[in-house]
Amino acid sequence: MIVAYLLNANRADRKEYQEAIDRAEKRADDAARRTDAAEQRAEGLQQAVDEARRARRAAEDALALVERELHRYRPNSSA
């Protein structure tokens, strides 16, 4: 009877231990998914920043070109 009690207690302990492991693995998987999603959002935001920088540089280059052209055709005010 004592052996049966100990075997039952051992089985219950193993079941509880396995359930705790399963919960921990699920939390780890959930955390990994959240991390992946956050990294993807960060990557998307970085791409948007890079695109905005390229657009700003292109606009600055276009402005510089227009200013050079204006200076070519505008009479020199210092002469």
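Look a little higher up for the structure.
This write-up is about the structure you can find in this document. Everything quoted here is computed from the prediction, not taken from an experiment.

Brief notes about the overall build of the protein
- Assigned secondary structure in the protein consists of one helix and zero strands.
- The C-alpha radius of gyration of the protein comes to 34 Å, more than 25% above the 12 Å expected for a compact globule of 79 residues.
- Across the 79 residues in the protein, those meeting the buried criterion constitute 1%.
- Summed over its atoms, the accessible surface of the protein is roughly 7500 Å², and 56% of this surface lies on carbon and sulfur atoms.
- Looking at charge distribution, the protein has the averaged site of its 16 positive side-chain charges lying 2 Å from that of its 16 negative ones.

Quick word on the side chain of D30
- The residue D30 is located in helix α1 (residues 2-73) in this model.
- When its relative accessible area of 19% is taken as the criterion, D30 is described as buried.
- Here the side chain of D30 touches R33 through a polar contact of 2.3 Å, side chain to side chain.

A word on a nonpolar patch on the surface
- Taken together, the side chains of I2, Y5 and L6 make up a nonpolar region of the molecular surface, amounting to roughly 390 Å² of accessible area.
- For Y5, a relative accessible area of 61% corresponds to the exposed category.

Regarding the pattern of salt bridges
- Tallied over the full model, the rule gives five salt bridges.
- The salt bridge partner of R33 is D30, with a shortest N-O separation of 2.3 Å. Here D30 and R33 lie together in helix α1, a separation of three residues that amounts to about one turn.
- A salt bridge links R53 to D50, with the shortest nitrogen-to-oxygen separation between them at 3.9 Å. Here D50 and R53 lie together in helix α1, a separation of three residues that amounts to about one turn.
- What makes R53 partly exposed here is its relative accessible area of 38%.
- Connected through shared salt-bridge partners, K26, D30 and R33 make up one network.

Scoring rules and cut-offs
Residues numbered from 1 in each chain as written. Predicted model: local features only at pLDDT ≥ 70, side-chain atom pairs only at ≥ 80, totals over all residues. Heavy atoms only, no water. Helix = DSSP H or I, 4+ residues; strand = E, 2+ residues; numbered from the N terminus. Rg over C-alpha atoms; globule rule 2.2 N^0.38 Å. Buried < 20%, exposed > 50% of the residue type's maximum accessible area, 1.4 Å probe, protein only. Areas by Shrake-Rupley, 256 points an atom, 1.4 Å probe, with all protein chains shown as cover. Lys, Arg positive; Asp, Glu negative; His and termini not counted. Charge placed at Lys NZ, Arg CZ, Asp CG, Glu CD. Polar contact = N/O pair within 3.5 Å; in protein donor to acceptor, adjacent residues only side chain to side chain. Patch = residues over 30% accessible without salt bridge, like charges linked within 9 Å, V, L, I, M, F, W, Y side chains within 5 Å. Salt bridge = Lys/Arg side-chain N within 4 Å of Asp/Glu carboxyl O.

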